[in-house]
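Coordinates in review
Here's the letter readout for the chains.
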Amino acid sequence: MDSARLSAAKSSPMMETINMCLQYLDVSVLGELVPRLCELIRSGVGLGTKGGCASVIVSLTTQCPQDLTPYSGKLMSALLSGLTDRNSVIQKSCAFAMGHLVRTSRDSSTEKLLQKLNGWYMEKEEPIYKTSCALTIHAIGRYSPDVLKNHAKEILPLAFLGMHEIADEEKSEKEECNLWTEVWQENVPGSFGGIRLYMQELIAITQKALQSQSWKMKAQGCNCYGINCKTNKLSSTSISGNDTECFGARPGWKNMGRKGRTTKSHCLCGDSLQYRVREVCAQPTHHK
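Residues numbered from 1 in each chain as written. Predicted model: local features only at pLDDT ≥ 70, side-chain atom pairs only at ≥ 80, totals over all residues. Heavy atoms only, no water.

To continue, consider the overall build of the chain. Helix and strand counts for the chain stand at 16 helices and 2 strands. Per-residue burial over the chain gives 51% buried out of 288 residues. In the chain, once contacts between residues fewer than 6 apart in sequence are set aside, the share between residues at least 24 apart is 67%. Total accessible area computed for the chain in this model is approximately 14,900 Å², and 50% of it derives from carbon and sulfur atoms. (Helix = DSSP H or I, 4+ residues; strand = E, 2+ residues; numbered from the N terminus. Buried < 20%, exposed > 50% of the residue type's maximum accessible area, 1.4 Å probe, protein only. Contact = heavy atoms within 4.5 Å. Areas by Shrake-Rupley, 256 points an atom, 1.4 Å probe, with all protein chains shown as cover.)

Looking now at the packing of aromatic side chains. As enumerated under the stated definition, the model contains 4 aromatic pairs in all. Ring centres of Tyr 121 and Trp 180 lie 5.5 Å apart, and the angle between their planes is 80°; this geometry places the pair in the edge-to-face category. Linking Tyr 121 in helix H8 (residues 107-123) with Trp 180 in helix H12 (residues 171-187), this pair joins segments that are 59 residues apart in sequence. In this structure, Tyr 121 and Trp 180 share a single accessibility class: buried. With centroids separated by 4.8 Å and ring planes inclined at 55°, the aromatic side chains of Phe 160 and Trp 184 adopt a geometry described as tilted. Of this pair, Phe 160 sits in helix H11 (residues 152-163) while Trp 184 sits in helix H12, placing them 24 residues apart in sequence. Over the ring of Tyr 129 we find Lys 124, and its NZ or CZ is 5.3 Å from the ring centre. (Phe/Tyr/Trp six-rings, centres within 6.5 Å; stacked < 30°, edge-to-face > 60°. Lys NZ or Arg CZ within 6 Å of the ring centre and 35° of its normal.)

Judged by nonpolar contacts, the single largest core of 71 residues is most densely connected at Leu 60, Trp 180 and Trp 184. Ranked by residue count, the leading element in this core is H11, at 8 residues. Excluding anything up to four places from it in sequence, Trp 180 contacts Tyr 121, Cys 133, Ala 134, Ile 137, Leu 158, Ala 159, Gly 162 and Met 163. (Core = buried A, V, L, I, M, F, W, Y, C linked by side-chain atoms within 4.5 Å.)

Here helix H9 (residues 127-143) contains 17 residues, and its C-alpha end-to-end distance of 24 Å stays within 8% of the 24 Å for a straight helix at 1.5 Å per residue. Where burial is concerned, most of H9 is hidden: 13 out of the 17 residues are buried. (Expected span 1.5 Å × (residues − 1).)

For the pair helix H3 (residues 27-43) and helix H4 (residues 47-63), interaxial distance at closest approach is 10 Å and the crossing angle is 145°. Regarding H3 and H4, the two cross each other, and that crossing is left-handed. Listed contacts from H4 to Leu 30, Leu 33, Leu 37, Leu 40 and Ile 41 of H3 are Thr 49, Lys 50, Cys 53, Val 56, Ile 57 and Leu 60. Looking at side-chain class alone, the contact of H3 with H4 contains 9 nonpolar, 1 polar and 1 charged residues. (Axes fitted to C-alpha atoms, helices over the stretch in contact; angles between N-to-C directions. Left-handed = near helix turned anticlockwise from the far one by under 90°. Nonpolar A, V, L, I, M, F, W, Y, C, P; charged D, E, K, R; others polar.)

With respect to the helices and strands, Ser 55 occurs in helix H4. Taking relative accessible area as the criterion, Ser 55 reaches 15% and is therefore assigned buried. Setting aside its immediate chain neighbours within four residues, Ser 55 contacts Lys 10 and Met 15.

The next subject is H8. Taking 1.5 Å per residue as the helical rise, H8 with its 17 residues ought to reach 24 Å, and the 24 Å between its terminal C-alpha atoms agrees with that figure. Three or more residues of H8 are buried, namely Ser 109, Thr 110, Leu 113, Leu 114, Leu 117, Asn 118, Gly 119, Trp 120, Tyr 121 and Met 122.

Below, the discussion takes up the environment of Val 89. Its location among the elements puts Val 89 in helix H7 (residues 88-101). Note on Val 89: relative accessible area 11%, which makes it buried. On a C-alpha basis, the gap between Val 89 and Leu 6 in space is 8.1 Å, while along the polypeptide they are 83 residues apart. Beyond its immediate chain neighbours, meaning those up to four positions away, Val 89 contacts Asp 2, Ser 3, Leu 6 and Leu 47.

Keep in mind that these numbers describe shape and distance, not what the molecule does.
Shown next as structure tokens:
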């Protein structure tokens, strides 16, 4: 119903008039329009108001992309409030607008946005924050692929972690995993090549996940690291001792390594946190 309401609002005579007026915007008008538009996004309460504002931002990115650059940071900040809206249609509309807006923004503004999304995903336990991250990153990959390519080291490791979320029976979580999977698969040269290309970033974000206070995030980190080992046949010599402890392997697991041998590993980050059999393909490592 909400999707139908928003579609009707976008096709209303008022929105048609607004879109016609947007064709004649110049820099002087933008200076007056953007602050009011940002205030309306933050203070608006109706579905049509917030969804209409997001639609106007998308139109601005196509009508005057160069003139919009100085104001993109302010518009991004305003859209962040819509990304955490309880209404899923408003949330998707703001993510859609953000996916277009990053194309006109400065690199510094884009980096701040990605840091914010990364912080939300890693630190917030509320599902609405994780959903907003998946929707926004997916929109960036679809509508601003050049931006994703330029910031691949920040985006793709997060996508890899997100696609290995241990989804519950809820439909929304499965949809989020599909969004993350699409982002990863569309921007890496195969899963094996992607893991090899972003190995250091993947180890860093997995280590951060395992240090999380959330049991679910810990389990997700273990799942992600297990896939890394299985897919890439990660050598034990490529991981430092501190990383081994953080990843939760049992003491002495390096000594158990022998080509072709599998060992069952329990993550010590939580008593009940156990993940599947890991392939250990390293040569035996001897310690004094």
